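Examination of the molecular architecture
These are the residues of each chain, in order.
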Amino acid sequence: MFIPTTADEVSRRGWKTLDIILVSGDTYYDSPYNGTAIIGHWLIDNGFRVGIIAQPRTDSGEDITRLGSPELFWSVSSGAVDSMVANYTATKKFRKEDDFTPGGVNDRRPDRAVIAYSNLIKRFSKGKPVVLGGVEASLRRLAHYDFWSDSIRRSVLFDAKADVITYGMGERSNLLLAQHMRDGRDWRKVKGICYISKDVPEGYEVLPSYEECAASDDEFTEAFWKFYRNNDPVTAIGLAQGHGDRYLIQNPPQPPLDRDMLDRVYEMDFENAVHPYYARQGHVRAVDTVKNSITTHRGCYGECNFCSIAVMQGRNVVSRSRESVLREAERIASAKGFDGVIRDVGGPTANMYGFDCPKKAKAGACPDKRCIYPEICRWMPVDHKPQIDLLNEIKSIDGVRKVFVASGIRHDLVIADKKHGDEYLECLCRDHVSGQMKIAPEHVSPFVLDMMGKPGPEDLLRFKRRFDEINEKLGREQFLTYYMMAAHPGCGERHMDELSEFCRRELKTNPEQIQVFTPSPSTVSTLMYRTGKNWLGGEFIKSERSMQKRKKQKDAVLKAHRR
């Protein structure tokens, strides 16, 4: 059932008012692939009255006031991605298209959306708290480097003049916040939130202030690493960062959902469609990507330096139960108009389903090493058997003709799984890819890969050999699609020449999927871009800052293979 987005729908639910109104920079697609929809259904399932306003106009109060004012709070998100990433390319050119907007024209999402929407609410509906959530608020919750203004910016909570941030995956924190506000209890001790205070709570660590970070890269680096290392729910402590005469207070994070809760979240009453109010405004291309797809797990222990998933979803991988995934697959297969194809079964990385480090749940993530870089930790029980069995069961469901794994494959994990790695790769090649398999080595230069926190090229070559051997055995003509990156900190033109030659000589392919690195907020790679220092030892490295030269790195590889 859709979350209400009009006053008439609120009335049909038998509600006179709403407790919480969600505001999003994406259109309202009622699906577990939409974080705003997840939070809305989760709160409704726990007894709260919730409405949603998607992509409100910011030049009038017509949209933002159509559901009235909430009894408890407004909840504001930029959408699935940071609004500046959504609106601009890696070379700062405005994007004309937006897959999350009806009709596909990028004319509805404002820059710095959570600030714009918070200001809109303050202008037309004063009196109730504004809570920021989602990727943009989470990654901008402390003083952070902003690529688009080339500056250190304050916590978005100050710039938005909002009241609270719920950071990371927000089911637990939003529910507890709503319950505390409803019951008149002090919500400031809820885990997984940030707020502004004149005082620092006892036991919280004080970071270098916003002003100190803006003035000194060394202070900014110190603040970043203390922030980055305080994202583990087992070991994290509270943090405080001065902004003028006040502090941004970050409470320790919420624990990830357990398996039963994750099952419950993904089995909520989603319509898996764009709400009719917005569907009549035009086709939403993002729906094509996730339609009839299944999320099997959350989290990622890859912890690539340029990626925010480890900060947003956590370094723990929590997998749904086999039974829950199969129930969702059966619902998809029985839906009217189903074409027989499940387009993806996966997560942030497809082949992390069903296993995780047994030590992390009790002791927390290791503070001095990573799970699979520079090599896979001996405590990581890599095992693809649970996913093999799951895929086999899904494809046997009545009405299912084909099951694809479209999420990216971490190739080094396949090679590391001596017991079931080959079986998994053969399973994919035989039944779950259609001509091409996506992997993301990102580069081949050992130095650049170290800067990215990625494994060396040796496992890539081993994986390619096994992929080719298996497809020859199966009699299939299938190919690997390689996602590469240009202009990452530490990467120069000679490294791109090395990549080009490697692709020609070793991979026997012409690279087509090359993205230019975007310094998104609160990643290790963005820290290196800002400071020009190697994350491993602090030595100075080249970070290409010219937009023309950043693009040139990409174009040089593409042009070399077109000649």
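Since this is a predicted model, take the numbers as computed values, not measurements. (Residues numbered from 1 in each chain as written. Predicted model: local features only at pLDDT ≥ 70, side-chain atom pairs only at ≥ 80, totals over all residues. Heavy atoms only, no water.)

**Comments concerning the overall build of the protein**
- The helix and strand tally for the protein stands at 23 helices and 22 strands.
- Rg of the C-alpha trace for the protein: 23 Å, near the compact-globule value of 24 Å for 563 residues, within the 12% margin.
- Projected onto its principal axes, the C-alpha positions of the protein cover 65 × 60 × 50 Å.
- Taken over 563 residues, the protein has a buried fraction of 59%.
- Look at the contacts in the protein between residues 6 or more apart in sequence, and 77% of them connect residues 24 or more apart.
- Between the mean site of the 83 positive side-chain charges and the mean site of the 78 negative ones, the protein shows a separation of 2 Å. (Helix = DSSP H or I, 4+ residues; strand = E, 2+ residues; numbered from the N terminus. Rg over C-alpha atoms; globule rule 2.2 N^0.38 Å. Buried < 20%, exposed > 50% of the residue type's maximum accessible area, 1.4 Å probe, protein only. Contact = heavy atoms within 4.5 Å. Lys, Arg positive; Asp, Glu negative; His and termini not counted. Charge placed at Lys NZ, Arg CZ, Asp CG, Glu CD.)

**What to know about empty space enclosed by the protein**
- As enumerated under the stated definition, the model contains four cavities of 30 Å³ or more in all.
- A volume near 130 Å³ is recorded for the largest cavity.
- Lining the largest cavity are 16 residues, with A143, H144, F220, F224 and S522 sitting closest to its centre.
- Those elements that place two or more of their residues in the lining of the largest cavity are β6 (144-146), α9 (217-228) and α22 (524-531).
- When residues of the lining of the largest cavity are assigned to their parent elements, the largest contribution, four residues, is made by α9.
- Its residues assigned to classes, the lining of the largest cavity comprises 10 nonpolar, five polar and one charged.
- The volume enclosed by the second largest cavity comes to roughly 90 Å³.
- In this structure, the second largest cavity is lined by R315, C357, K360, C366, K369, R370, C371, C377, W379 and M380.
- Grouping the constituent residues of the lining of the second largest cavity by class yields six nonpolar, no polar and four charged. (1 Å grid on protein atoms, 1.4 Å probe; cavity = no way out; pocket = protein on both sides within 12 Å on 5 of 7 lines; lining within 4 Å. Points joined across faces, edges and corners; volume = space filled by probe spheres on them. Nonpolar A, V, L, I, M, F, W, Y, C, P; charged D, E, K, R; others polar.)

**With respect to the pattern of salt bridges**
- Considering all chains together, one arrives at 51 salt bridges under this definition.
- Put simply, D99 and R285 hold a salt bridge, and the shortest N to O gap is 2.9 Å. One end of the pair, D99, is in the loop between α3 (83-87) and α4 (113-124); the other, R285, is in helix α12 (residues 285-290), and 186 residues separate them in sequence.
- Residue D99 is classed as partly exposed on the basis of its relative accessible area, which comes to 36%.
- K473 is the salt-bridge partner of E426, the closest N and O atoms lying 3.0 Å from each other. Of this pair, E426 sits in helix α18 (residues 421-432) while K473 sits in helix α20 (residues 458-474); the two residues are 47 residues apart in sequence, bridging distant segments of the chain.
- Look at the salt bridges and you will find they share partners, linking K395, E426, R430, D431 and K473 into a network. (Salt bridge = Lys/Arg side-chain N within 4 Å of Asp/Glu carboxyl O.)

**Here's the deal with the packing of aromatic side chains**
- Tallied over the full model, the rule gives 14 aromatic pairs.
- With 6.4 Å between their ring centres and 55 degrees between their planes, F517 and Y529 make a pair best called tilted. Taken as a pair, F517 in the loop between β22 (513-516) and α22 and Y529 in helix α22 lie far apart in primary sequence, 12 residues in all. In terms of burial, F517 and Y529 fall into one category: buried.
- Members of the aromatic cluster, each reached through a chain of ring pairs, are Y145, F147, W148, F517 and Y529.
- Above the ring of Y167, the side-chain terminus of R141 is found at 3.9 Å from the ring centroid. (Phe/Tyr/Trp six-rings, centres within 6.5 Å; stacked < 30°, edge-to-face > 60°. Lys NZ or Arg CZ within 6 Å of the ring centre and 35° of its normal.)

Geometric values such as these leave the question of function open.
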